[in-house]
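# Coordinate inspection notes
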Amino acid sequence: QKLNKVRRRGMIFGIGIPVLVISLFGVAQLAGSDSSTSNDSIDAAITTLPASTVPAETIKGKTPCPKTDGTERRVGTFEQAPPTCIDTAKSYTATFDTSEGEVVVALDTKRTPQTVNNFVVLSRYRYYDGTPVFRTDPSIDIIQAGGPNNTSGPGYTIKDEGGKFTYKEGDLVMARSSGPDSGGAQFFFATGPKVSLLDDQGTYVTFGKVTKGLDVVKSIIGLHQADDSGLGGAPSRDVIINSITISES
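Now for a description of the structure that goes with this document. Since the structure is predicted, the reported quantities are computational estimates derived from the model, not experimental observations.

### Points about the packing of aromatic side chains
For the structure shown, the criterion picks out 14 aromatic pairs. With centroids separated by 5.8 Å and ring planes inclined at 75°, the aromatic side chains of Phe96 and Phe187 adopt a geometry described as edge-to-face. Separated by 91 residues along the polypeptide, Phe96 in strand S5 (residues 92-98) and Phe187 in strand S11 (residues 187-190) bring together distant segments of the chain. Taking relative accessible area as the criterion, Phe96 reaches 1% and is therefore assigned buried. Their ring planes at 55° and their centres at 6.4 Å tell us that Tyr167 and Tyr204 sit as a pair that is tilted. Here the residue Tyr167 occupies a position in the loop between strand S9 (142-145) and strand S10 (171-174), and Tyr204 occupies one in the loop between S11 and strand S12 (206-212), the gap between them amounting to 37 residues.

Here is the structure:
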């Protein structure tokens, strides 16, 4: 009965183009709108502005692999999906510095190497810097982020990988529409057992697991305030991802 209630409510997203997507869990990420300031030079020294006011560049043409030392300028729009920039023989960890605390995630390069690669590239281009957690939904125990809002995208989509998934507390999962190969940058954290309501679909690609800071993601969904957006709701105060740092070993 609870699952049917979620189905009936549906989720509506329009990412980059006018599109209406209604599904059980429309954590959509389609092609993003090109609203960033265009600038081909991305190698200048990093700005010292607060993350929320850092301007975003556009990369035209092929996307080069980003520097690994944190000195890239922030990029908000890409004309093409990135090439493979990670070494799948290595282990990768993402540390989320948020306004509510730190969350550490072990990324799964074994099952989902290209999804991890995409996330690592976006993180190293500081795509996520200063962006909010814009959705909380206790009916399926998720918090969603990965852009300025639910209609944002990086300018491209990536292919699904890894096969059918089941979902558990602590998972880091790519958002997508009901259509295949429609992920791009948005993601969600599974904060509790009701995320298993998504198991019958199994199409959202799980690419990481929280190893530290599960209490932080739980505290964020604890800020849930219902609204009429069709997305469940949002935090009752601004929750900001200040930065995501990638380490490899």
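From this point, the discussion proceeds with the structure in view.
### Points about the layout of surface pockets
Taken as a whole, the second largest pocket encloses approximately 190 Å³ of empty space. Sorting elements by how many residues they give to the lining of the second largest pocket places strand S15 (residues 240-248) first, with four residues.

### A few points about the sheet that holds S15
Read across the sheet, nine strands follow the order S7-S15-S5-S6-S12-S10-S11-S9-S8 without closing on themselves; strand pairing throughout is antiparallel. The open sheet has two edge strands, strand S7 (131-132) and strand S8 (135-137), and neither has a second partner. Summarising the sheet, S10 and S11 pair through three bridges and their orientation is antiparallel. Along S11, the bridge assignment pairs Leu172 with Phe189. Lying over the sheet, helix H2 (residues 113-124) contacts S5, strand S6 (101-107), S10, S11, S12 and S15, oriented at roughly 120° with respect to S15.

### What to know about the state of the cysteines
Summed over all chains, the structure comprises one disulfide. What pairs with Cys65 in a disulfide is Cys85, and their sulfur atoms sit 2.1 Å apart. Linking Cys65 and Cys85, the disulfide has an S-S dihedral of approximately -90° and is accordingly described as left-handed. Taken together, the residues span a long stretch of sequence, with Cys65 in the loop between strand S3 (57-59) and strand S4 (75-78) and Cys85 in the loop between S4 and S5 at a distance of 20 residues.

### Observations regarding H2
The terminal C-alpha atoms of H2 lie 16 Å apart, and with twelve residues this matches the ideal 16 Å at 1.5 Å per residue to within 8%. Counting buried positions along H2 gives eleven out of twelve residues, so the element sits mostly inside the fold. Looking at H2, one finds that the buried residues are Pro113, Thr115, Val116, Asn117, Asn118, Phe119, Val120, Val121, Leu122, Ser123 and Arg124. Of the residues trailing H2, Arg126 is marked for its positive phi of about 60°.

### As for the pattern of salt bridges
Under the counting rule described, the total for this entry stands at ten salt bridges. Taking the shortest distance from any N to any O, the salt bridge between Glu102 and Lys212 comes out at 3.6 Å. Of this pair, Glu102 sits in strand S6 while Lys212 is found in strand S12, placing the two residues 110 residues apart along the sequence. Classification of Glu102 by relative accessible area gives partly exposed; the value is 39%. Among the residues examined, Lys212 registers a relative accessible area of 49% and is labelled partly exposed.

### Some points on unusual backbone geometry
Even without being glycine, Arg126 reaches a positive phi, approximately 60°. Along the chain, the position of Arg126 falls in the loop between H2 and S7. Its relative accessible area of 10% is what places Arg126 among the buried residues.

### Some points on empty space enclosed by the protein
Using a probe with the size of a water molecule, rolled over the atoms, empty space left in the structure can be pinpointed. Overall, the coordinates contain two cavities of 30 Å³ or more when judged by the stated rule. By volume, the largest cavity amounts to about 60 Å³. Lining the largest cavity are Phe96, Thr98, Val103, Val133, Ile143, Ala145, Phe187, Phe189, Val217, Ile220 and Ile241. Only S5, S9, S11 and helix H3 (214-221) provide two or more residues apiece to the lining of the largest cavity. For the lining of the largest cavity, a count of residues per class yields ten nonpolar, one polar and no charged. Roughly 50 Å³ of volume is contained in the second largest cavity. Lining the second largest cavity are Thr115, Ile158, Lys159, Asp160, Met174, Ala175, Arg176, Gly183 and Val205.

Analysis parameters
Residues numbered from 1 in each chain as written. Predicted model: local features only at pLDDT ≥ 70, side-chain atom pairs only at ≥ 80, totals over all residues. Heavy atoms only, no water. Phe/Tyr/Trp six-rings, centres within 6.5 Å; stacked < 30°, edge-to-face > 60°. Helix = DSSP H or I, 4+ residues; strand = E, 2+ residues; numbered from the N terminus. Buried < 20%, exposed > 50% of the residue type's maximum accessible area, 1.4 Å probe, protein only. 1 Å grid on protein atoms, 1.4 Å probe; cavity = no way out; pocket = protein on both sides within 12 Å on 5 of 7 lines; lining within 4 Å. Points joined across faces, edges and corners; volume = space filled by probe spheres on them. Pairing = 2+ DSSP bridges. Contact = heavy atoms within 4.5 Å. Axes fitted to C-alpha atoms, helices over the stretch in contact; angles between N-to-C directions. Disulfide = S-S within 2.5 Å. Expected span 1.5 Å × (residues − 1). Salt bridge = Lys/Arg side-chain N within 4 Å of Asp/Glu carboxyl O. Nonpolar A, V, L, I, M, F, W, Y, C, P; charged D, E, K, R; others polar.

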